[in-house]
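Tertiary structure, described
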Amino acid sequence: MSQLPQRDKAVIWHPFTQMQTAPLPVPIVRGEGSVLHTADGRAILDMISSWWVNLHGHAHPHIASRISDQLHTLEHVIFAGFTHEPAVQLAERLLPILPDNQRRVFYSDNGSTAVEVALKMAFQYWHNLGQPRRKVIAFEDAYHGDTFGAMAVGGRSTFTTPFAPFLFDVTFLPTPIPGREAEVLELAKAAFTDDVAAFIVEPLVQGSGGMNMYAPAVLDQLFSMARAKGALLIADEVMTGFGRTGKLFASHYLTEKPDLMCLSKGLTGGTMALGVTTCTQAIYDAFLSTDRMKTLFHGHSFTANPLACTAGLASLDLLLTPDRMADIERIAAQHALFADELRSTPRVENVRQLGTLLAFDLVTDGQTSYFNTIRDVAYNFLLERDVLMRPLGNVLYLMPPYCTTNAQLDQAYGAVRALLGTL
Ligand SMILES: *Cc1c(COP(=O)(O)O)cnc(C)c1O
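Conventions adopted
- Residues numbered from 1 in each chain as written.
- Predicted model: local features only at pLDDT ≥ 70, side-chain atom pairs only at ≥ 80, totals over all residues.
- Heavy atoms only, no water.
- Phe/Tyr/Trp six-rings, centres within 6.5 Å; stacked < 30°, edge-to-face > 60°.
- Helix = DSSP H or I, 4+ residues; strand = E, 2+ residues; numbered from the N terminus.
- Buried < 20%, exposed > 50% of the residue type's maximum accessible area, 1.4 Å probe, protein only.
- Lys NZ or Arg CZ within 6 Å of the ring centre and 35° of its normal.
- Domains from an automatic or database assignment.
- Contact = heavy atoms within 4.5 Å.
- Buried area = accessible area lost by both parts, 1.4 Å probe.
- Polar contact = N/O pair within 3.5 Å; in protein donor to acceptor, adjacent residues only side chain to side chain.
- Nonpolar A, V, L, I, M, F, W, Y, C, P; charged D, E, K, R; others polar.
- UniProt positions renumbered as here; feature names shortened; annotations may be inferred.
- 1 Å grid on protein atoms, 1.4 Å probe; cavity = no way out; pocket = protein on both sides within 12 Å on 5 of 7 lines; lining within 4 Å.
- Points joined across faces, edges and corners; volume = space filled by probe spheres on them.
- Near = heavy atom within 4 Å.
- Areas by Shrake-Rupley, 256 points an atom, 1.4 Å probe, with all protein chains shown as cover.

**Let's talk about the packing of aromatic side chains**
- What the rule picks out here adds up to 13 aromatic pairs.
- Between Phe123 and Phe168, the ring centres sit 5.9 Å apart and the planes meet at 80°, which makes this aromatic pair edge-to-face. Of the two residues, Phe123 sits in helix H5 (residues 111-128) while Phe168 sits in the loop between helix H6 (148-152) and strand E6 (171-173), which places them 45 residues apart along the sequence.
- A residue is classified by how much of its surface remains accessible, and Phe123, at 27% relative accessible area, is partly exposed.
- Consider the rings of Phe199 and Phe223, whose centres lie 5.8 Å apart with planes at 90°: the pair is edge-to-face. Placement of the pair is Phe199 in strand E7 (residues 196-201) and Phe223 in helix H8 (residues 216-228), with a sequence separation of 24 residues. For the pair Phe199 and Phe223, one class covers both residues: buried.
- Three or more aromatic residues joined by ring pairs form one cluster here, namely Phe139, Phe192, Phe199, Tyr214 and Phe223.
- Its guanidinium or amino end placed over the ring of Tyr284, Arg104 lies 4.0 Å from that ring's centre, counting from NZ or CZ.

Listed below in structure tokens is the structure:
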């Protein structure tokens, strides 16, 4: 009987993985807190929250027991024509913590679908009003997911090349990172015409695009310019939501409020697949009619899955406590100290931090792409030291679960220090 990695290789195709050259995957048998335990007894620190989803640590007993209870009560039910307590309760608990113009919750089952739904709501909003608008504005380097609509509003890259002919046209503005604000605002004047249906952004931090951070002030300005032309504002908080940036949502740093919001990843504390799109009363109202053609014809088999909604409730139980908020501040403070150290470290530049997210660039000789070998060198070096980080090209970042202890953070910082020492 062969080992798990060999059995995996015989039958499985992994995401974002070149199956010909990728090393065999690491079998994980158990998770606890910020640690992933491997089959051969290693304890790996999960410093990327397992692709940005985990908030409270792995196999959290509170989330596990609530899901288990729910599983014995109602595992799933069709969500058209029927409803259930976990879906209603989660919506009732989410809306009050979002920007206060958000009025309705639409469920799906991942971040990409949350974005698809927001786009469809935006396009059909204009359609239903009888004033169709087709233009969409997004940022270069944006990432909104891997389905077609989500890919279309994401920055064009080597990842999207094979699909480029199938992606609808989007007007891209450069991301207004520090130093580029004035240029972007100038370009925005021409871009925001009165036929813009929607302006979609990852507020304050672009995740997959390289942990690019930009200031609330410039986003507020862009939002007001877009709003002046009637465009709907979509905040994709799939990654930034639920405390990542130091506030519950990145949108809370803004004065302008989005019309639509996309949530997933941390929504269930990283335990189950769930997506949410929220919208304002005006958007919801544009779909109310005796005319059936104004209906939002969209849904997924697992829409509002009761187990996933219960996981969302359990995660909120944990998140919305003074202790958890203190953890977020503690991690942010530890990151800030390490950031200061990094700023005076050779071969490191562009050190940036927002809340529990710390990122910096490794200075390489010229070539900086996702496929840069420095990425593989760094990934392997850190993993050999039992620290899981997943550099985006030459961009290294830490995005730990909120339960990560200071000692664990120090272990991760130490591994990064050692890596930098070898460069
Ligand atoms: C991860 C991500 C998505 C896509 O979510 P999936 O659940 O992976 O489909 C969309 N937007 C942002 C900002 C993300 O980080």
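Moving on from the coordinates now.
**Let's talk about the domain arrangement of the protein chain**
- Splitting the protein chain by domain gives domain 1 (3-60 + 322-422) and domain 2 (64-320).
- Distance between the C-alpha centres of domain 1 and domain 2: 26 Å.
- The interface of domain 1 with domain 2 comprises 29 residues on the first partner and 30 residues on the second.
- Interface of domain 1 and domain 2: buried area, both sides summed, is about 2500 Å²; carbon and sulfur atoms make up 68% of it.
- For the pair domain 1 and domain 2, the interface holds 12 residue pairs in polar contact (both at pLDDT 80 or more).
- Breaking the side of domain 1 that touches domain 2 down by element, the ones donating at least two residues are helix H2 (49-52), helix H11 (322-343), strand E13 (348-354), strand E14 (357-362) and strand E16 (395-398).
- A per-class count over the side of domain 1 that touches domain 2 returns 20 nonpolar, seven polar and two charged.

**Description of the UniProt feature "binding site: substrate" (unreviewed entry) in the protein chain**
- In this structure's numbering, the residues bearing the UniProt feature "binding site: substrate" (unreviewed entry) are Trp51, Tyr143, Lys265, Gly299 and Arg390. Sequence-wise these annotated residues cover 340 residues; spatially they are dispersed, their C-alpha atoms as much as 32.9 Å apart. Checked against the lining of the second largest pocket, the annotated residues just named reduce to Gly299.
- Looking at Trp51, the relative accessible area reads 37%, which means it is partly exposed.
- Ignoring anything within four residues of it in the chain, the contact list for Trp51 reads Pro15, Phe16, Lys265 and Arg390.
- Following the sequence through the fold, Lys265 ends up in the loop between strand E11 (260-263) and strand E12 (275-280).
- On the accessibility criterion, Lys265 (23% relative accessible area) is partly exposed.
- Beyond its immediate sequence surroundings of up to four residues, Lys265 is in contact with Trp51, Trp52, Val53, Val238, Met239 and Gly270.

**Overview of the layout of surface pockets**
- Roughly 700 Å³ of internal volume is contained in the second largest pocket.
- Looking at the second largest pocket, it is lined by 24 residues, and the ones nearest its centre are Phe79, Val105, Phe106, Tyr107 and Tyr284.
- Elements supplying a minimum of two residues to the lining of the second largest pocket: helix H4 (85-94), strand E4 (102-108) and helix H9 (281-285).
- It is E4 that contributes the most residues to the lining of the second largest pocket, four residues altogether.
- Grouping the constituent residues of the lining of the second largest pocket by class yields 16 nonpolar, seven polar and one charged.

**Quick word on the site of the ligand**
- In the neighbourhood of the ligand, the contacting residues comprise Trp52, Asn110, Gly111, Ser112, Tyr143, His144, Gly145, Glu202, Asp236, Val238, Met239 and Lys265.
- Here the ligand loses 84% of its free accessible area of 380 Å² to cover by the protein chains.
- Within the shell around the ligand, the residues separate by chemical class into four nonpolar, five polar and three charged.

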